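Fold and contact review
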Amino acid sequence: MRAEMRIDLKAIAHNISMIKERTSSPVMAVVKADAYGHGLVEVSKTAIEAGATQLGVALLEEALTLRAHGITSPVLAWLTPPGSDFSSAIKQGIEIAIPSMAIFNEVSDAAKKLDTRARVHIEVDTGMTRGGFLDEWKTLLKADFSNLEVVGIFSHFARADEPGQSQNSLQRAAFLSAIADLKAIGITNLVRHLSNSAATLIDKDSLFDLVRVGIALYGLTPDIHNLGTSLSLGLKPAAQLRVQLHLVKKVPAHSPVGYGATESTTADTYLGVVAAGYADGIPRIAHNAGVFVNGQRAPIIGRVSMDQFVVDLGANSQVKSGDWVTVFGPGLHGEYTADDWADASQSINYEIVTRIGPRVPRIYEPHVY
Ligand SMILES: *Cc1c(COP(=O)(O)O)cnc(C)c1O
């Protein structure tokens, strides 16, 4: 096994408790995309044990996987294009987001065929201009809801990680107005939810009846520049990516390294070949990141390849072929963090952890805190 992503489930539980301390609203743990790369089933079980009351996913397949693993908590799925298997979803008691009349009609028809009512959350576009009702809102207000049990209404912030940004208050106002429209047609007692992690951490006015927490669950900051580091927020990053050195070799100064010879050694040095590449989710454009080994940082040199990349271990390195290095971790011991890798590749910590591929096994146990 040349690579592993170690997931500290105690850190996940800590992050849930920390969020629960900050808000009186129930917490939905957002576990889409294999729990942001951390492992759907294990993270979901941990989050529920730690006090999350429900789970949020994008795809119906993700929701059905949870059910197949015996997870019976409420689950909401919000990215279910027309033609999705709504019938299975309804049978499994999965709650479905309704963002359009096309999906409204399909879910309604599926429920009717099953002689039941589907549990749904109306998704309203309050200004992000992505998911949710916008142009069809008036049509929805005249629709026949007899096959649907509307349990919730929700929307999503575009700029929750920018404190004081006026778009947030505009979105909140549009959300309240949509709630009032539903009330006017007799749809009341809804679970209202608007906040993602960033809003949950900084916007006390938008907590409503449920918060949908993704990135903070994994111990990562929603925005390092505006909200501070994960550790400064009291979060514990749960993932640590460790990879073996395929080999270590001594190399003279001025040796060009990797495809395109984009960089060369500046002095005689030891180079380490790290056995993971962009096929595993290491960003190809990353530079100014690297690995941590033997208490030291070793920066990337040259381009990341599909299965490997090269790091400069320095002229005095004692590191050997086969040794393990930390690509990213919580950052407590000097290792690079997911935020460092994000910075090094014009991305965000979300993308760094989520893209770690299926060739990298997830290992659940170690506790680094
Ligand atoms: C992904 C997602 C979230 C979680 O966002 P974080 O920033 O990770 O907390 C919440 N709501 C919706 C609709 C999402 O798609």
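Residues numbered from 1 in each chain as written. Predicted model: local features only at pLDDT ≥ 70, side-chain atom pairs only at ≥ 80, totals over all residues. Heavy atoms only, no water.

For clarity, the threshold we go by: UniProt positions are given in the numbering used here, feature names are shortened, and annotations may be inferred rather than shown by experiment.
The protein has a UniProt comment under Cofactor (unreviewed entry) that states "pyridoxal 5'-phosphate".

**Re the overall build of the protein**
How we decide: Segments assigned H or I by DSSP are reported as helices when at least four residues long, segments assigned E as strands when at least two residues long, and all are numbered from the N terminus. Atoms counted for the radius of gyration: C-alpha only. Globule rule: 2.2 Å times the number of residues to the power 0.38. Relative accessibility under 20% of the residue-type maximum defines a buried residue, over 50% an exposed one, and the middle range a partly exposed one, all with a 1.4 Å probe and only protein chains included. The method behind every accessible area is Shrake-Rupley, applied with a 1.4 Å probe, and residues are considered shielded solely by the protein chains displayed. In this tally, Lys and Arg are treated as positive and Asp and Glu as negative; His is ignored, and so are the chain termini. Working definition for charges: the position is that of NZ of Lys, CZ of Arg, CG of Asp or CD of Glu.
Looking only at helices and strands, the protein has 12 helices and 18 strands in total. A compact globule built from 369 residues would reach a C-alpha radius of gyration of about 21 Å, and the protein, at 23 Å, matches this within 12%. In the protein, buried positions account for 53% of the 369 residues. Surface summary for the protein: the accessible area is close to 16,100 Å², and the carbon and sulfur share equals 50%. Charge centroids of the protein, computed over 33 positive and 38 negative side chains, lie 2 Å from each other.

**Quick look at the sheet that holds strand β4 (residues 75-77)**
So the rule is basically this: By this definition, two strands are paired if DSSP reports at least two bridges between them. A fitted line through C-alpha atoms represents every axis, and for helices the fit uses only the stretch in contact; the resulting angles, taken between N-to-C directions, go from 0 to 180 degrees. Working rule for contacts: check all heavy atoms of both residues, and any pair within 4.5 Å makes them a contact.
Read once around its circumference, the closed barrel built from eight strands follows the order β2-β3-β4-β5-β6-β7-β8-β9, with strand pairing classed as parallel. Taken pair by pair, the neighbouring strands of this sheet meet at an average axis angle of 30°, ignoring direction. The sheet contact formed by strand β8 (residues 191-195) and strand β9 (residues 210-213) spans two bridges and is parallel. Within β9, the position partnered with H193 by the bridge is L210. Contacts between helix α6 (residues 101-113) and the sheet are confined to β5 (95-98), β6 (118-123) and β7 (148-154), with β5 contributing the most and set at about 150° to the helix.

**Some thoughts on helix α3 (residues 40-49)**
Those residues of α3 not exposed but buried are L40, V41, V43, S44, T46 and A47. In this structure, the buried residues of α3 make contact with α1 (9-22), β2 (27-30), α2 (32-36), β3 (54-57) and α4 (60-68). G51 lies just past α3 and shows a positive phi near 120°.

**As for unusual backbone geometry**
Backbone geometry at D34 places phi at a positive 55°, although glycine is not the residue there. With respect to the helices and strands, the residue D34 is situated in helix α2. For D34, a relative accessible area of 37% corresponds to the partly exposed category. Despite not being glycine, T129 shows a phi value in the positive range, around 55°. Structurally, T129 can be placed in the loop between β6 and α7 (137-141).

**With respect to the site of the ligand**
Rules: Proximity is defined per residue: any heavy atom of the residue falling within 4 Å of a molecule or strand makes that residue near it. We call two N or O atoms a polar contact when they sit within 3.5 Å, provided that within protein one can donate a hydrogen and the other can accept it, with sequence-adjacent residues counted only if both atoms are side-chain atoms. Three classes are used: nonpolar for Ala, Val, Leu, Ile, Met, Phe, Trp, Tyr, Cys and Pro, charged for Asp, Glu, Lys and Arg, and polar for all others, with Gly counted as polar.
As a structural note, the neighbourhood of the ligand is formed by V30, K32, Y36, W78, H156, N196, S197, R212, V213, G214, I215 and Y350. Here a nitrogen atom of the ligand sits 3.5 Å away from a polar atom, N or O, in the side chain of H156. In the model, an oxygen atom of the ligand is placed 2.6 Å from a nitrogen or oxygen of the Y350 side chain. If the ligand stood free it would expose 380 Å²; the protein chains cover 94% of that surface. Counting only elements with at least two residues in the shell around the ligand, the list comes to α2 and β9. Taken together, the residues of the shell around the ligand break down into six nonpolar, four polar and two charged.

**Focus on the pairing of strand β15 (residues 296-299)**
Of the strand pairs in this sheet, strand β14 (residues 290-293) and β15 are connected by four bridges, and their pairing is antiparallel. Pairing of G290 across the sheet is with P299, part of β15. The antiparallel hairpin formed by β14 and β15 contains two residues in its connecting segment, where N294 sits at a positive phi of about 55°.

**Here's the deal with the nonpolar core**
As a rule of thumb, nonpolar side chains are buried together in soluble globular proteins. Heads up, the condition is: Only buried residues count toward a nonpolar core, which is a set of Ala, Val, Leu, Ile, Met, Phe, Trp, Tyr and Cys residues joined through side-chain atoms within 4.5 Å. Domain borders in the structure are assigned automatically or taken from a domain database.
Counting residues in each nonpolar core, the largest one holds 116 residues, and the members touching the most others are V31, V107, I122, L217, F328 and W341. Per-element tally for this core: the top contributor is α6, with six residues. Lining this core are residues from two domains, each supplying at least three of them: domain 1 (54-209) and domain 2 (239-365). Setting aside chain neighbours within four positions, we find W341 in contact with I282, P283, A286, A289, G290, I300, F309, V327, F328, Y336 and I352. V251, V257, L271 and V310 belong to the second-largest nonpolar core, a separate cluster that totals six residues.

**Considering the pattern of salt bridges**
What counts, and what does not: Whenever Lys or Arg places a side-chain nitrogen within 4 Å of a carboxyl oxygen from Asp or Glu, that contact is recorded as a salt bridge.
In total, this model carries 11 salt bridges according to the counting rule given. Between D280 and R2 there is a salt bridge, with the nearest N and O atoms lying 2.9 Å from each other. Of this pair, D280 sits in the loop between β13 (269-274) and β14 while R2 sits in the segment before β1 (3-7), and the two are 278 residues apart along the sequence. By relative accessible area, D280 is classed as buried at 1%. Taking relative accessible area as the criterion, R2 reaches 23% and is therefore assigned partly exposed. With its nearest N and O atoms 3.0 Å apart, the salt bridge here joins D280 to R359. Here D280, found in the loop between β13 and β14, pairs with R359, found in the loop between α12 (349-354) and β18 (362-364); they are 79 residues apart in sequence, far enough to count as distant. Three or more residues are tied together by salt bridges with common partners; here these are R2, D280, D307 and R359.

**As for the environment of Q54**
Within the secondary structure, Q54 is located in strand β3. Taking the relative accessible area as the measure of exposure, Q54 reaches 13% and is therefore buried. Distance in space between the C-alpha atoms of Q54 and D205 is 21 Å, their sequence separation being 151 residues. The residues contacting Q54, other than those within four sequence positions of it, are V27, M28, A29, I48, P74, E95 and L210.

**Observations regarding the packing of aromatic side chains**
This is how it is decided: Two rings from Phe, Tyr or Trp (for Trp, the six-membered ring) form a pair when their centres sit within 6.5 Å of each other. Planes less than 30 degrees apart are called stacked, planes more than 60 degrees apart edge-to-face, and all others tilted. Charges are assigned to positions over rings by a cutoff of 6 Å between ring centre and Lys NZ or Arg CZ, combined with an angular limit of 35 degrees from the ring normal.
Throughout the structure, instances matching the rule amount to seven aromatic pairs. Taking 6.1 Å as the distance between ring centres and 35° as the angle between the ring planes, the aromatic pair formed by Y36 and Y350 counts as tilted. Placement of the pair is Y36 in helix α2 and Y350 in helix α12, with a sequence separation of 314 residues. Residue Y36 is classed as buried on the basis of its relative accessible area, which comes to 6%. Ring centres 5.1 Å apart and planes at 90° place the aromatic pair F104 and F145 in the edge-to-face group. A residue pair is termed long-range when its members are at least 10 positions apart, and F104 in helix α6 and F145 in the loop between α7 and β7 qualify at 41 residues. Three or more aromatic residues joined by ring pairs form one cluster here, namely Y36, Y218 and Y350. In this arrangement the basic side chain of R297 is found over the ring face of Y336, its NZ or CZ atom lying 4.0 Å from the centre.

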